[in-house]
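Each chain, written out:
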Amino acid sequence: MRSVRSKIIAAGLVLGLAGVGAWQLLPGEGNGSGAIRVGTSDVVSSLDPAGAYDAGSWALFSNVYQSLLTIKPGADTPAPDAASSCNFVGQKLTTYQCELRPEVKFSNGRAMTAQDVKHSFDRIKEINSEQGPAPLFNTLESVKAEDRTVTFNLSTPDATFPFKIATGAASIVDQEKYPAKALREGGKVDGSGPYTLAAYKAGASVELKPNTSYKGQAKPANGPVTVKYFKDSAQLDRAWKDRDVEVAHREMPPEVLAALNPGLKDTRYQASGGTETRSMVFNVRPGSTTAAPAVRQAVAAALDRSRLASEVYKGTVTPLYSLVPAGIASHGTPFFDTYPTPNGATAKKLLKDAGITTPVAVTLGVNTRGANLPEAEELKQQLEATGLFQLTIKPVEQWSDFQKAYAAGEFDAYTIGWIADFPDADNFIAPLVGADSSMNNGFSDKNVDALISRTQSHSDRSEAAADFRELQTLVAQQVPMLPIWQKKDYVMSREAVTGAQYLSDGTGVWRLWELDWL
């Protein structure tokens, strides 16, 4: 194990994120020049790390901010980035200490200090944004800064903590620019990553320039990059076909991904990992029609995942029967074990035994990115075909508006995707159904929380397997969330661009600095 790990992740951790499905090399047509244009439909919800817990924001954070640790391509353990070293102190897994790398500067020229690190973590907890990453740090009790040493004191043992501080949630900000008790407003960034933010148009584009003073794990950026944000997958596909972007990542239409093959002209593609998941989240607050467990269980009994995967996603996704996906250690199939085939009769009995009048009216919130609307229509068709449900789809175009709406309990249920912050079963359970869940659906369970704490106490992750299986079973019984599918991570690029195979491996790190012209 690397020195930064202090023996915390053993062979029981399976990293299924780095496998490459296909990388097609075709003859080049000449070198490019200027900024490489990258297209995506994962928009940025906030430029402030204390206010964002989504893929689009964290992808940008990977490039303009630094964390103490990071994940290198294909690795299953964190490596130093803004830190020169990190280790657990003692055997209890409740004290974690990092030494700050010398000569790290923010893009404004100011030297980074340990106090900046402490400030960055303290404000996440203080602000506690409903759209922010505070749930990821529920074991963090306090942070101490002395000279160049940062000490994290944890309330309970947490073997996964080094992974957590290798994520976008742990991005280090300049304490002189980011308020202690409020999110920073405006379109500016003061970070220390491989790039500086040259220009930002919310929901439209980001212009990045290499940060010549960057000191960290990544190699120096090769050149400028422009990220273009598109409203949906159809617009991204159109931009690709019109050659308005050289790289496309998240999310092309399913039919485009299904048609990828070695014979395509001027197209390289990579299909890596397979642990991006999607679930239906139920509002369990009093007053919601899905507050009754029998309603949620009936939906689970009626759902036909295979039909949804083939009809909507053209076989580019795989049915998922647990919050922990295949490819991650401790994966199970409790939903398949309980509901092996879609069965309207089983759903009907569940509702009848609970004394629930049918059809049950359910409002389903949907963010309109990607294939989410066709997916919602398929869910509506399936559930209404049983005669037990009446679904009303409520589409929301802006991601930030969607986040606020589900946090406020405006839907009985909503669909959402999940990309791992780090490759451990904990990250597919604790932030989703644990205390102060980022799903904001009102669910809490003492048994679930106790089991989560117990899994985090094992430095040898294989020893947590039995508890993870029990957790997955509890979720299948109570159904606060209903897993639907998992999929691979696709990147497409033109043959004039190199390095796109390193752009993403499903760990949440977006390595734009690897891109270059041939």
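Quick caveat: nothing in here was measured; it's all calculated off a predicted structure.

Each helix and strand in the chain was counted, giving 14 helices and 19 strands. Taking 518 residues into account, the globule formula puts the C-alpha radius of gyration at 24 Å, and the chain, at 22 Å, falls close to it. Viewed in the frame of its principal axes, the chain has a C-alpha envelope of about 65 × 55 × 40 Å. Taking as baseline every contact in the chain between residues at least 6 positions apart, the subset at least 24 positions apart corresponds to 72%. With the model as given, the accessible surface of the chain reaches about 19,500 Å², and the carbon-plus-sulfur share is 48%. Side chains of the chain carry 52 positive and 57 negative charges; the gap between the two charge centres is 1 Å.

With that out of the way, let us pick up the environment of glycine 315. On the secondary structure map, glycine 315 appears in the loop between helix H7 (305–311) and strand E13 (317–319). Put simply, glycine 315 and glutamate 255 are 60 residues apart on the chain and 9.1 Å apart in space, counted from C-alpha to C-alpha. Once residues lying within four places of it in the same chain are set aside, the contact partners of glycine 315 are Ala309 and Ser310.

Looking now at the nonpolar core. In terms of nonpolar packing, the biggest core is built from 144 residues, with Phe137, Phe152, Ile165, Phe389 and Leu512 touching the most fellow members. Of the residues forming this core, the biggest block, six residues, is contributed by helix H6 (residues 293–302). Look past the residues within four positions of phenylalanine 389 in its chain and what remains in contact with it is Val295, Ala298, Val299, Leu351, Pro359, Val360, Val362, Leu383 and Glu384. Ranked by size, the runner-up nonpolar core spans 14 residues in total, among them Trp240, Ala248, Leu257 and Tyr490.

In this section: the pairing of strand E17 (residues 481–493). In terms of burial, E17 is largely enclosed, as 12 of its 13 residues are buried. Here three bridges tie strand E11 (residues 247–249) to E17, and the two strands are oriented antiparallel to one another. Across the sheet, the residue bridging to alanine 248 is methionine 492, located in E17. Sheet topology places strand E12 (residues 268–282) next to E17; 11 bridges connect them, and they run antiparallel. Bridge pairing links serine 279 to proline 483 in E17. As defined by bridge partners, E13 adjoins E17 across three bridges and the pair is classed as antiparallel. The residue bridging valine 317 from the neighbouring strand is lysine 487, located in E17.

Looking now at the packing of H6 against helix H9 (residues 344–353). Running from N to C, H6 and H9 point in directions that differ by 175 degrees, and their axes come no closer than 8 Å. The orientation of H6 relative to H9 falls into the category roughly antiparallel. For the pair H6 and H9, the contacting residues are Ala294, Val295, Gln297, Ala298, Ala301 and Ala302 in the first and Thr346, Ala347, Leu350 and Leu351 in the second. Among the residues making up the contact of H6 with H9, the classes are represented as eight nonpolar, two polar and no charged.

Tracing the sequence through the fold places aspartate 122 in helix H2 (residues 114–127). With 20 residues separating them in the primary sequence, aspartate 122 and serine 142 have C-alpha atoms 7.8 Å apart.

Another aspect to go through is the pattern of salt bridges. Here the structure, examined in full by the defined rule, presents 24 salt bridges. Between glutamate 246 and arginine 37 there is a salt bridge, with its nearest N and O atoms 2.5 Å apart. Within this pair, whereas glutamate 246 is found in the loop between helix H4 (233–241) and E11, its partner arginine 37 is found in strand E1 (residues 36–40), the two being separated by 209 residues in sequence. Of the charged contacts in the structure, one is a salt bridge between lysine 380 and glutamate 384, with a shortest N-O distance of 2.8 Å. Here lysine 380 pairs with glutamate 384, and both are found in helix H10 (residues 372–385), just four residues apart, close to one helical turn. Lysine 380 gets classed as partly exposed once you look at its relative accessible area, which sits at 23%.

Definitions and cut-offs
Residues numbered from 1 in each chain as written. Predicted model: local features only at pLDDT ≥ 70, side-chain atom pairs only at ≥ 80, totals over all residues. Heavy atoms only, no water. Helix = DSSP H or I, 4+ residues; strand = E, 2+ residues; numbered from the N terminus. Rg over C-alpha atoms; globule rule 2.2 N^0.38 Å. Contact = heavy atoms within 4.5 Å. Areas by Shrake-Rupley, 256 points an atom, 1.4 Å probe, with all protein chains shown as cover. Lys, Arg positive; Asp, Glu negative; His and termini not counted. Charge placed at Lys NZ, Arg CZ, Asp CG, Glu CD. Core = buried A, V, L, I, M, F, W, Y, C linked by side-chain atoms within 4.5 Å. Buried < 20%, exposed > 50% of the residue type's maximum accessible area, 1.4 Å probe, protein only. Pairing = 2+ DSSP bridges. Axes fitted to C-alpha atoms, helices over the stretch in contact; angles between N-to-C directions. Parallel < 35°, antiparallel > 145°, perpendicular 65-115°, else oblique. Nonpolar A, V, L, I, M, F, W, Y, C, P; charged D, E, K, R; others polar. Salt bridge = Lys/Arg side-chain N within 4 Å of Asp/Glu carboxyl O.

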